Amino acid sequence: MEDSLVVDGSRMNAILSIDPVDMMATAQCGVGLQELEDTLRAQGLTTGHSPQSKPLAEMGGLVATRSIGQFSTLYGGIEDLVIGLEAVFPGGRVVRIKNVPRRAAGPDIRHIIIGSEGALCFITEVTVKLFRYRPENNRYFGFLVDDFASGIDALRELITAGYRPSVCRVYSPEDARQHFADFYQGKNVVVFVAEGPKGIADATAEAIEELFAGRPHERVDAGLIQQWFESLNWGQDKIDAEKAAMLENAHLGFTTEVSVDWSRVSDLFDAVMSRIRSEFSRAGDLTMLGAHSSHSYQTGTNLYFVYDYTINSSPREEIEVYHKPLNAIIVEEALRLGGSMVHHHGIGKYRTPWVKQEHGSAYYLLSTLKHAFDAEGVMNAGTIFPLEPGTDGRDFASGP
């Protein structure tokens, strides 16, 4: 946007404290998650937060985007890890939310800031909880199953029984092909990791074994699953290589992640796959369309749709011709089935048009926050809060 100012907090990069008694660490917004994790693990500790972007992600951005990590089914998302924080609001007001285990002093004001995507304030400091780091207890599992719905049902049965593996995933065959080409055999791939104290890891592993003892499946060697996880994260080298390949081959890959109740997961998967294949005008350009579930809860899970395509139009039109229509179909189907249009990548600009439908009458709460904290609309205009048509970027929608 013209006349914009970008604020870069990357030089606020000090780890301020690590407390192994109260089990918390405080870091400035520009501290890299990889650096913090490396420092903690050397002391036998971890945040438990491990997004695929860990080599590049910084603490302020993780909180601002309400991020999630690969081990979320055990440790939770960033919103479950943040204890306290500091942020600067328009006009220069600095606020600090103190670090306490829990309190009932009104609404949880951390959540005004967590997930605000720079549209309300700038996060300067974060305190997160810590856990013991016990990688020697990790147990890895992989299974091949004939259909996606049965894989989802296995996840549901394990989670609702009270078990919390750190990793709990199922990949459709199309998505599995790009991750597990050596062994997926055209089937759906189910992946688990059990971790934590030995007794808990062993009990979780035993439950996984019992779960699949009564289900049709083929076993995957645990070493292959461990090897895959150890090479999953993306550093700058992988990103640069993918960019180069995209430019050279005019071939792109995007994702849209949503969430839904257990009872509607299969309906959502089927509806999205069917609509894209039948309605998307450039369906012939798709080279891959699949999905996986990677973050599960007592009441439901997420679906992470992935789609690759060859650009057979002007490269300048790529976003409008390919990404936006595909993203729209997934968002619309998630909302139609009562799910959320976004699970963990944030609203950004592309999903803002649906934010009122996402929240319904509760959008009043969001818009009131925006008017209260950023009445001039100077913070990240067009993100989360829809702009009114024909305005200069400072006017945002306030009604339901």
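Residues numbered from 1 in each chain as written. Predicted model: local features only at pLDDT ≥ 70, side-chain atom pairs only at ≥ 80, totals over all residues. Heavy atoms only, no water.

Peer 1: Could you give me a rundown of the overall build of the protein chain, with the residues and numbers involved?
Peer 2: Counting its secondary structure elements, the protein chain contains 14 helices and 14 strands. C-alpha atoms of the protein chain, sized along the principal axes, occupy 60 × 60 × 40 Å. Summarising the internal contacts of the protein chain: among those between residues at least 6 apart in sequence, 68% fall at separations of at least 24. Accessible area of the protein chain: about 18800 Å², with a carbon and sulfur share of 50%. The protein chain carries 36 positive and 53 negative side-chain charges, and their two centres are separated by 4 Å. (Helix = DSSP H or I, 4+ residues; strand = E, 2+ residues; numbered from the N terminus. Contact = heavy atoms within 4.5 Å. Areas by Shrake-Rupley, 256 points an atom, 1.4 Å probe, with all protein chains shown as cover. Lys, Arg positive; Asp, Glu negative; His and termini not counted. Charge placed at Lys NZ, Arg CZ, Asp CG, Glu CD.)

Peer 1: I'd like a rundown of the packing of aromatic side chains, residues and numbers included.
Peer 2: Applying the stated rule across the entire model yields 14 aromatic pairs. For the pair F148 and F269, a centre-to-centre distance of 4.2 Å together with 20 degrees between the ring planes defines the contact as stacked. One end of the pair, F148, is in helix α6 (residues 148-160); the other, F269, is in helix α11 (residues 265-279), and 121 residues separate them in sequence. Exposure class is identical for F148 and F269. Each is buried. Plain terms: the ring middles of Y309 and Y322 are 4.6 Å apart, the flat faces sit at 10 degrees to each other, and that makes the pair stacked. Linking Y309 in strand β14 (residues 300-310) with Y322 in helix α12 (residues 318-336), this pair joins segments that are 13 residues apart in sequence. Residue class for Y322 comes out buried when judged on its relative accessible area of 0%. Here the aromatic cluster, defined as three or more aromatic residues joined through ring pairs, consists of Y171, F180, F183, W228 and F229. (Phe/Tyr/Trp six-rings, centres within 6.5 Å; stacked < 30°, edge-to-face > 60°. Buried < 20%, exposed > 50% of the residue type's maximum accessible area, 1.4 Å probe, protein only.)

Peer 1: Describe the layout of surface pockets, and please don't skip the residues or the numbers.
Peer 2: Of the voids in this model, the second largest pocket is the one considered here, and its volume is about 830 Å³. Considering the residues around the second largest pocket, the lining is formed by 39 residues, among which R66, I114, G115, V342 and H359 are closest to the centre. At the level of secondary structure, the elements contributing two or more residues to the lining of the second largest pocket comprise α3 (72-75), α4 (78-81), α5 (110-113), α13 (355-359) and α14 (363-373). It is α3 that provides the largest number of residues to the lining of the second largest pocket, a total of four residues. (1 Å grid on protein atoms, 1.4 Å probe; cavity = no way out; pocket = protein on both sides within 12 Å on 5 of 7 lines; lining within 4 Å. Points joined across faces, edges and corners; volume = space filled by probe spheres on them.)

Peer 1: If you had to explain the environment of R219 to someone new, which residues and values would you point to?
Peer 2: With respect to the helices, strands and loops of the structure, R219 is situated in strand β11 (residues 218-220). Look at R219 and you get partly exposed, because its relative accessible area is 48%. Note: C-alpha distance between R219 and G142 (77 residues apart in sequence) is 6.2 Å. Excluding its chain neighbours within four sequence positions, the residues that come into contact with R219 are F141, G142, F143 and E209. Within the structure, the side chain of R219 is placed 2.9 Å from the side chain of E209, a separation counted as a polar contact. (Polar contact = N/O pair within 3.5 Å; in protein donor to acceptor, adjacent residues only side chain to side chain.)

Peer 1: Give me the packing of α6 against helix α8 (residues 198-213): which residues, what numbers.
Peer 2: The contact between α6 and α8 brings their axes to 11 Å, and the two run at 135 degrees. With respect to their mutual orientation, α6 and α8 come out oblique. In this structure, α6 meets α8 at a crossing whose hand is right-handed. Residues A154, E157 and L158 of α6 pack against A207, I208, L211 and F212 of α8. Considered class by class, the residues forming the contact of α6 with α8 number six nonpolar, no polar and one charged. (Axes fitted to C-alpha atoms, helices over the stretch in contact; angles between N-to-C directions. Parallel < 35°, antiparallel > 145°, perpendicular 65-115°, else oblique. Left-handed = near helix turned anticlockwise from the far one by under 90°. Nonpolar A, V, L, I, M, F, W, Y, C, P; charged D, E, K, R; others polar.)

Peer 1: So what about the sheet that holds β11? Which residues, and what values?
Peer 2: The strand order across the open sheet formed by seven strands is β11-β8-β10-β9-β13-β14-β12, and the pairing between neighbours is antiparallel. This sheet does not close on itself; its edge strands, each paired only once, are β11 and β12 (251-261). Across the sheet, the mean angle separating the axes of adjacent strands is 20 degrees when strand polarity is ignored. Taken together, the three bridges between strand β8 (residues 139-145) and β11 define a ladder with antiparallel strand orientation. The residue of β11 that forms the bridge with L144 is E218. (Pairing = 2+ DSSP bridges.)

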